[in-house]
Amino acid sequence: MSVSAVAADRSVCAPLPVLGRDVLVPLVTGGEVDYAALDYAASAPALQRVWDDVAAYAPYYGSVHRGAGYLSQLSTDLFENSRRTIAEFLGCRAEDQVVFTRSTTDSLNLLAAVLPQGTRVFVFETEHHASLLPWEQRPDVEVTYLNAPRTPQQAVDTLEKALAGREPYGPALVCVTGASNVTGELWPVQELAAAAHAHGARIVLDAAQLVPHHPVDLGELDVDWVAFSGHKLYAPFGAGVLAGRADWLRDADPYLAGGGASRKVSRRTDGGVDVEWHTTAARHEAGSPNVIGAYAIASACQALTEAGFDGLVAREQELIARLRAGLADVPEVTVLSLFGEDAARVGVLSFVVEGWNSSHFAAALSAEYGIGVRDGLFCAHPLVRTLLGSEPQDPGECGAPDAAPGEKSLNAIRVSFGAGTPDEHVDRFLRAVKELVTQGARWNYRTEGGRCVPA
């Protein structure tokens, strides 16, 4: 669907109903305004559909898998049906497993825990910390960090070269994001998967920023695993997913030891215990599972599928074009990018403003305009430092600037949106940026706890 078609048919691209759309927040300059949530990349607001589904189920909540009562049986069916719904949403293959976790971070730490001994891991320095750091926790795993590419083709070429030169030739895993949490740029996942498989490696896709914006199909992308978080997919309650190949998951020790992961436990004559572990996804889901979190993800998957990704993507692209055009009219604004202005992207964009500390600018957007954005290094320190041209040893903490307002600091501003964002929120943001740059802040701010706050 073209941008013109989107503009002509507003019924197709109306924002999906989300919680918080009518929340009023106070302004330091007086009065109230409805809150403009433009921090979807951190946590998206819950879809109204998800909230309603969870509320309808809540009275029937019960334990799963081992309860004989009606509510336990109903909850077990709901839990396992949620797994099947998510598998269908992701285009899982018949032999794939869907494991419920706490988040993308938890999913990738789980995968790191089940890697065969001696696995070589290849990861670009541009990754979010959730996909950059887990591999170092395994002393028997060697990690190769790849430099930030400046084009999608360079990413493929860099990976090809690294994989071709690995010694010894053994199990290998490539970890790559689908869409950057800093720039919103789409990565060439299919091409990277092809390169990985051509060299006998497997690939895991960090889809935390991709799955809320685009369809993700494991078979079509030809990735071995996909990881994502519910809270970025309009589904709160602290659940995540690791979906994909079963063999490494089945062959490794359970991620957590306990009830649910064990099929049979018996005492030995020497006083110890023998344990027979499940070989299904339950192997890595010890303890009482987050049934509501799993159901919320499944509900969000159904809601997005029914809304239709074609219309959602087309509308988002219209908002991205409007945002980029508006920021281009402000010479003081520099948008951060790896692949250049024409790169395909989702509704995530980071920038810096000449003469402004990013924390100061973000604080003014919130306090004076009721706009919520994010500032800092976005848990992607190496990437943001590369984009800002800083040295690796420069200081800086995720989301906590280390300079006072007006001083240079290693941080940027990120604006992000999605299926629930009204047009007005993007328009208000652009108007606020222009006014702050041309007229300055209307309020005084001070540094408190490393952050800028209204004085």
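Treat the numbers as computed from the prediction; the structure is a model and nothing was measured. (Residues numbered from 1 in each chain as written. Predicted model: local features only at pLDDT ≥ 70, side-chain atom pairs only at ≥ 80, totals over all residues. Heavy atoms only, no water.)

Caption draft 1: Representation of the side chain of Thr101. For Thr101, the location among the structural elements is in strand S4 (residues 97-101). You can call Thr101 buried: its relative accessible area is 9%. From its side chain, Thr101 meets the backbone oxygen of Ser103 in a polar contact 3.1 Å long. Filtering out sequence-adjacent residues up to four positions away, Thr101 remains in contact with Asp106, Ser107, Leu110, Gly238, Ala239, Gly240, Val241 and Leu242. (Helix = DSSP H or I, 4+ residues; strand = E, 2+ residues; numbered from the N terminus. Buried < 20%, exposed > 50% of the residue type's maximum accessible area, 1.4 Å probe, protein only. Polar contact = N/O pair within 3.5 Å; in protein donor to acceptor, adjacent residues only side chain to side chain. Contact = heavy atoms within 4.5 Å.)

Caption draft 2: Fine view of the pairing of strand S19 (residues 451-454). The pairing of strand S18 (residues 445-448) with S19 spans 4 bridges and is classified as antiparallel. The partner of Thr447 across the bridge, within S19, is Cys452. (Pairing = 2+ DSSP bridges.)

Caption draft 3: Just the pattern of salt bridges, in detail. Tallied over the entire structure, the rule returns 26 salt bridges. In this structure, Glu142 and Arg120 form a salt bridge, with 3.7 Å as the shortest nitrogen-oxygen distance. Residue Glu142 is located in strand S6 (residues 142-146), and its partner Arg120 is located in strand S5 (residues 120-124); the two are separated by 22 residues in the primary sequence. For Glu142, a relative accessible area of 44% corresponds to the partly exposed category. The partner of Arg345 in a salt bridge is Glu185, with the nearest N and O atoms 4.0 Å apart. (Salt bridge = Lys/Arg side-chain N within 4 Å of Asp/Glu carboxyl O.)

Caption draft 4: How the structure looks around the sheet that holds strand S17 (residues 412-416). Judged by pairing direction, the sheet is antiparallel, and its 4 strands sit side by side in the order S13-S14-S17-S16 without closing on themselves. This sheet does not close on itself; its edge strands, each paired only once, are strand S13 (333-335) and strand S16 (374-376). Sheet twist, expressed as the average angle between the axes of neighbouring strands with direction ignored, equals 30 degrees. In terms of strand pairing, S16 meets S17 through 3 bridges, oriented antiparallel. What sits directly across from Asp375, in S17, is Ile413. (Axes fitted to C-alpha atoms, helices over the stretch in contact; angles between N-to-C directions.)

Caption draft 5: Representation of the side chain of His199. Relative to the helices and strands, His199 is located in the loop between helix H7 (189-198) and strand S8 (202-206). Polar side-chain contacts of His199 include one of 2.7 Å to the side chain of Glu160. Residues contacting His199, with those up to four places away along its chain left out, are Glu160, Leu163, Ala164, Arg166 and Tyr169.

Caption draft 6: Seen up close, the packing of helix H2 (residues 48-57) against helix H10 (residues 291-307). At their nearest, the axes of H2 and H10 sit 9 Å apart, and the two run at 140 degrees to each other. In terms of orientation, H2 and H10 fall into the oblique class. Once H2 is placed against H10, the crossing between them reads as right-handed. Within the contact between the two elements, H2 uses Arg49, Val50, Asp53, Val54 and Tyr57 and H10 uses Val291, Ile292, Tyr295, Ala296, Ser299, Ala300, Gln302, Ala303 and Glu306. Here the residues of the contact of H2 with H10 are counted per class, giving 9 nonpolar, 2 polar and 3 charged. (Parallel < 35°, antiparallel > 145°, perpendicular 65-115°, else oblique. Left-handed = near helix turned anticlockwise from the far one by under 90°. Nonpolar A, V, L, I, M, F, W, Y, C, P; charged D, E, K, R; others polar.)

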